[in-house]
Amino acid sequence: MIKSIISRLAFILLAVYALNLRAQQADQKNYYNWFDEQVGIENTGLFNGIRYKELYRIKDGKHKFYKSPEYQTANLWYDGQPYYDIPLKYDLFEDQLIVSLETDSGSSIIQLLKEKVKGFQLDSKQFVHLKGIEVFKSKDQIDGFYEVLEEGKSLTLYKKHRNLRKKVLDNKAVLNEFRNDDLYYILHENLFYPIKNKNDLIKIFPQRKKQINTFFSGNKYLMDTDYDLFMTQIADRIDAALTTKPSQS
C-alpha cells in the first residue's frame, strides 16, 4: 500500500516540523487523525496484522480481556508510528491486541503483530512491550506487554496483567472461564525480578530491609484495598533511598 502511504507522509512531515519545535501531543494527534481520515485507515500500517477469530466461548461473562470485552479507545505505537483514538481490546490470556477498524466496506477486526507493538495507552494506563530482558535466576527472557506502574532512577515497577483459563461443561458444551492472576516485577540493574511478597523485595534490596518492613507493617490497609498503589509507593520509597545522596555535615 505504497509503503503505508510513504510512512504516513514521513511522519506527517515530522509532525509539521515538531510544530515549530514546540510540539504538543494534542496537536500531533490531530494531524495524524486528520491524515488517516483522508487516506483511509485501511491504507495505514494498522492493517499490517492478521484477521482475528475468537477461539473461546465463555461462561457467565468471565472474559479474557483487560477491563471489558468491549472495545476501548486507545493510543498506540505500531510499526514505528503513533496511532490515536483506536478501538482496541487487550487479550490478557493470549497477550495480544485486537483492533476494530472502520472502512468504506465495513469493519475489519485485526490482531496486531505483537513484535511491531512498541507500546500503548489504555484506560489512562501506560503499557510497553518488553522483550529480551533476562529474568532473575532463570534462563527465560521476557516478551510481553507490561503496565508501567512506577519509573524511577534506579528501578522500574511493572505489572503483568494476565488471565488464567478454566474449562467448564455447560449442557454438554465446553465453555471457558477466565480469571485474573496478575504479577508484579521490578527491573533493576538490567535484571527482571518477580515480586510476590515482602521477602522478594528484601532479597533484591537487603540494605533497605528495615524500610521495607516498616512500610509493610504500617500500610496493611492500603495493601488490602489498593495493591497497585501500595506497590507503587514502596517502589518509589526504595528508589528515592537508593538515589538520594547522604547529606554531609
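Residue indices follow the written sequence of each chain, beginning from 1 at its first position. It should be noted that, the model being predicted, local features are given only for residues of pLDDT at least 70 and side-chain atom pairs only at 80 or more, the latter also being counted only at that level, while totals for whole chains, interfaces and linings use all residues. The side-chain numbers reported here are obtained from all heavy atoms of the structure, hydrogens and water having been left aside.

### Some words on the overall build of the protein chain
Right, so step 1: For the protein chain, the helix and strand inventory stands at 6 helices and 13 strands.
Right, so step 2: With 249 residues in all, the protein chain has 42% of them scored as buried.
Right, so step 3: Residue contacts follow a heavy-atom distance rule, with two residues in contact if any of their heavy atoms lie within 4.5 Å. Considering only contacts within the protein chain whose residues lie at least 6 apart along the sequence, 54% involve residues at least 24 apart.
Right, so step 4: What sets the accessible areas is the Shrake-Rupley method with a 1.4 Å probe; for residues, cover comes only from the shown protein chains. For the protein chain, the exposed area adds up to about 14,900 Å²; of that, 48% sits on carbon and sulfur atoms. Going along the chain from the N terminus, every DSSP run of H or I of four or more residues is numbered as a helix, and every run of E of two or more is numbered as a strand. Note on exposure labels: buried denotes an accessible area under 20% of the residue type's maximum, exposed denotes more than 50%, and partly exposed covers the range between, all computed with a 1.4 Å probe on protein chains only.

### Notes on the packing of aromatic side chains
Right, so step 1: Stacked, tilted and edge-to-face pairs are distinguished by plane angle, under 30 degrees for stacked and over 60 for edge-to-face with tilted covering the rest, among Phe, Tyr and Trp rings (Trp via its six-membered ring) whose centres lie within 6.5 Å. Summed over all chains, the structure comprises 20 aromatic pairs.
Right, so step 2: Where Tyr66 meets Phe127, the ring centres are 5.6 Å apart and the plane angle is 85 degrees; that geometry is what we call edge-to-face. Within this pair, whereas Tyr66 is found in the loop between strand E1 (49-51) and strand E2 (72-78), its partner Phe127 is found in strand E7 (residues 125-134), the two being separated by 61 residues in sequence.
Right, so step 3: Members of the aromatic cluster, each reached through a chain of ring pairs, are Tyr66, Tyr90, Phe120, Phe127 and Phe145.
Right, so step 4: Against the face of Phe65 rests Lys89, its NZ or CZ located 4.4 Å from the ring centre.
Right, so step 5: Throughout this description, the term charge over a ring refers to an Arg CZ or Lys NZ atom that lies within 6 Å of the ring centre and within 35 degrees of the ring normal. Above the plane of the ring of Tyr146 lies Lys160, whose end atom (NZ or CZ) is 5.0 Å from the centre.

### Re the pattern of salt bridges
Right, so step 1: For salt bridges, the criterion is a side-chain nitrogen of Lys or Arg within 4 Å of an Asp or Glu carboxyl oxygen. Using the criterion set out here, one finds 13 salt bridges in the structure.
Right, so step 2: Taken together, the shared-partner salt bridges in this structure form one network comprising Glu54, Lys64 and Asp91.

### A few points about helix H6 (residues 227-243)
Right, so step 1: Helix span, expected: 1.5 Å multiplied by one less than the number of residues in the helix. Across its 17 residues, H6 extends 24 Å between first and last C-alpha, which sits within 8% of the 24 Å expected from 1.5 Å per residue.
Right, so step 2: If you check which residues of H6 are buried, you get Asp228, Phe230, Met231, Thr232, Ile234, Ala235, Ile238 and Asp239.
Right, so step 3: The inward-facing, buried residues of H6 contact strand E8 (141-151), strand E9 (156-160), strand E12 (183-188), helix H3 (198-204), helix H4 (209-218) and helix H5 (220-225).

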